[in-house]
Amino acid sequence: MIQSFYDTMISGGSYILMLRGLGNTIFIAICAILIGTVLGCVLALMKVSGNTFLRGFAQFYTTVLRGIPLATQLMIFYFVIFAPLGMDRFLVAIISYGLNSAAYCTEIFRAGIQGVDIGQTEAGRSLGLTKWQTLSKIILPQAAKACLPTYTSEFIVLIKETSVASFIAVMDLTKAGDMIRNATYNAWIPLLSCAVIYLILTVGLTKLFGILESYLARSEV
């Protein structure tokens, strides 16, 4: 077993391909969650606004992006929209994952904002704060803490979902494992290695975010 692992992953330099795939996976996930966070915040505020058009647009966006499988969205964005424009497939993957993540972040942030007691808003307005000041200084800080567990779960899910980036030939971790399988005619070692790496990533991030949540919980006491 050890010899087989060495022959498949080490002697031929296949581990370098795996490391490149891992780096691409993490980079795509981080960029996508940043896009999703910014766009999700905007859409969440649109959803809780009093403007019917803004609420309707945000509802339409989240319904469509959450209702279509991510793999299908990825291929639509690449083959139908961006490929004719000559856009790099790696960038298309980042944009696609970011737009998809935004739909989920929108609902996470909306739930957090609406979960803050209405009395907090009334207290802020009674102190003479404007609507925006009340939102930014009172509502959003409380909503952020309430959203953190679900938000961190979205990031972990996003890392695992990057595995379908290979559908448009982006060299992520899964694609790297598949390329090694094709080159070595050994399926179980590269694919099992991918599975172990994903598991380490997700468990490690879960532990890390758990520590962060515990720290924030203690800071409220």
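Residues numbered from 1 in each chain as written. Predicted model: local features only at pLDDT ≥ 70, side-chain atom pairs only at ≥ 80, totals over all residues. Heavy atoms only, no water.

K.L.:
Just to check I follow, could you spell out the overall build of the protein for this structure?
P.N.:
Per the secondary structure count, the protein includes nine helices and zero strands. Helices and strands appear in the protein in the N-to-C order α-α-α-α-α-α-α-α-α. Among the 221 residues that make up the protein, the fraction classed as buried is 39%. Here the contacts in the protein between residues at least 6 apart in sequence split such that 75% fall between residues at least 24 apart. For the protein, the distance from the average site of its 15 positive side-chain charges to the average site of its 11 negative ones is 5 Å. (Helix = DSSP H or I, 4+ residues; strand = E, 2+ residues; numbered from the N terminus. Buried < 20%, exposed > 50% of the residue type's maximum accessible area, 1.4 Å probe, protein only. Contact = heavy atoms within 4.5 Å. Lys, Arg positive; Asp, Glu negative; His and termini not counted. Charge placed at Lys NZ, Arg CZ, Asp CG, Glu CD.)

K.L.:
I would appreciate a short explanation of the pattern of salt bridges in the present structure.
P.N.:
Oppositely charged side chains are able to pair whenever their charged atoms sit close together. Within this structure, the stated rule accounts for three salt bridges. The shortest N-O distance in the salt bridge between Arg110 and Glu107 comes to 3.0 Å. Taken together, the positions of Arg110 and Glu107, both in helix α5 (residues 89-115) and three residues apart, correspond to about one turn of that helix. Relative accessible area serves as the criterion here: at 22%, Arg110 is assigned to the partly exposed category. (Salt bridge = Lys/Arg side-chain N within 4 Å of Asp/Glu carboxyl O.)

K.L.:
Just checking my understanding: could you explain unusual backbone geometry for this structure?
P.N.:
Only a minority of non-glycine residues have a phi that is not negative, and only a minority of peptide bonds are not trans. The backbone phi angle of Ala169 is positive, close to 65°, even though this residue is not glycine. As for its placement among the helices and strands, Ala169 is situated in the loop between α7 (131-161) and α8 (173-184). Classification of Ala169 as partly exposed rests on a relative accessible area of 40%.

K.L.:
Honestly, the environment of Pro84 in this entry has me stumped. Any pointers?
P.N.:
Position of Pro84 relative to the elements: it lies in the loop between α4 (70-82) and α5. In this structure the C-alpha to C-alpha distance between Pro84 and Ile168, which are 84 residues apart in sequence, comes to 14 Å. Dropping the residues within four chain positions of it, Pro84 is found in contact with Tyr78 and Phe79.

K.L.:
Quick question: what am I supposed to make of the confidence of the model for the protein here?
P.N.:
Note: predicted coordinates in regions of low pLDDT should not be interpreted at a detailed level. Summarising the model, the protein shows a mean pLDDT of 87, and 96% of its residues fall at 70 or more. The element-level mean pLDDT for the protein is lowest in helix α1 (residues 2-10), coming to 69, with helix α3 (residues 52-67) highest at 95. (pLDDT = per-residue confidence, 0-100.)

K.L.:
Help me understand the nonpolar core, please; the structure alone is not making it clear to me.
P.N.:
A general trend in soluble globular proteins is that nonpolar side chains are found buried together. Ranked by internal contacts, the top residues of the largest apolar core, which has 42 residues, are Ala93, Tyr97, Phe155 and Ile168. Residue assignment for this core shows that the elements contributing at least two residues are α2 (14-47), α4, α5, α7, α8 and α9 (188-220). Residues within four places of Phe155 in sequence aside, it is in contact with Ala29, Ile30, Ile33, Leu205 and Phe209. The next biggest cluster of nonpolar side chains, apart from the first, holds seven residues, and it includes Met46, Ala58, Leu65 and Ala102. (Core = buried A, V, L, I, M, F, W, Y, C linked by side-chain atoms within 4.5 Å.)

K.L.:
Where do I start with a nonpolar patch on the surface in this structure?
P.N.:
Among the surface-exposed residues, Met75, Ile76, Phe79, Val80, Ile81 and Phe167 lie close enough to one another that they form a single nonpolar patch of about 540 Å² accessible area. Following the sequence through the fold, Phe79 ends up in helix α4. (Patch = residues over 30% accessible without salt bridge, like charges linked within 9 Å, V, L, I, M, F, W, Y side chains within 5 Å. Areas by Shrake-Rupley, 256 points an atom, 1.4 Å probe, with all protein chains shown as cover.)

K.L.:
Honestly, α4 in this entry has me stumped. Any pointers?
P.N.:
Since the α-helix packs 3.6 residues into each turn, any two residues three or four apart lie on the same face. If you check which residues of α4 are buried, you get Leu70, Ala71, Gln73, Leu74, Phe77, Tyr78 and Phe82. Residues of α4 that are buried in the fold lie against α3, α5 and α7.

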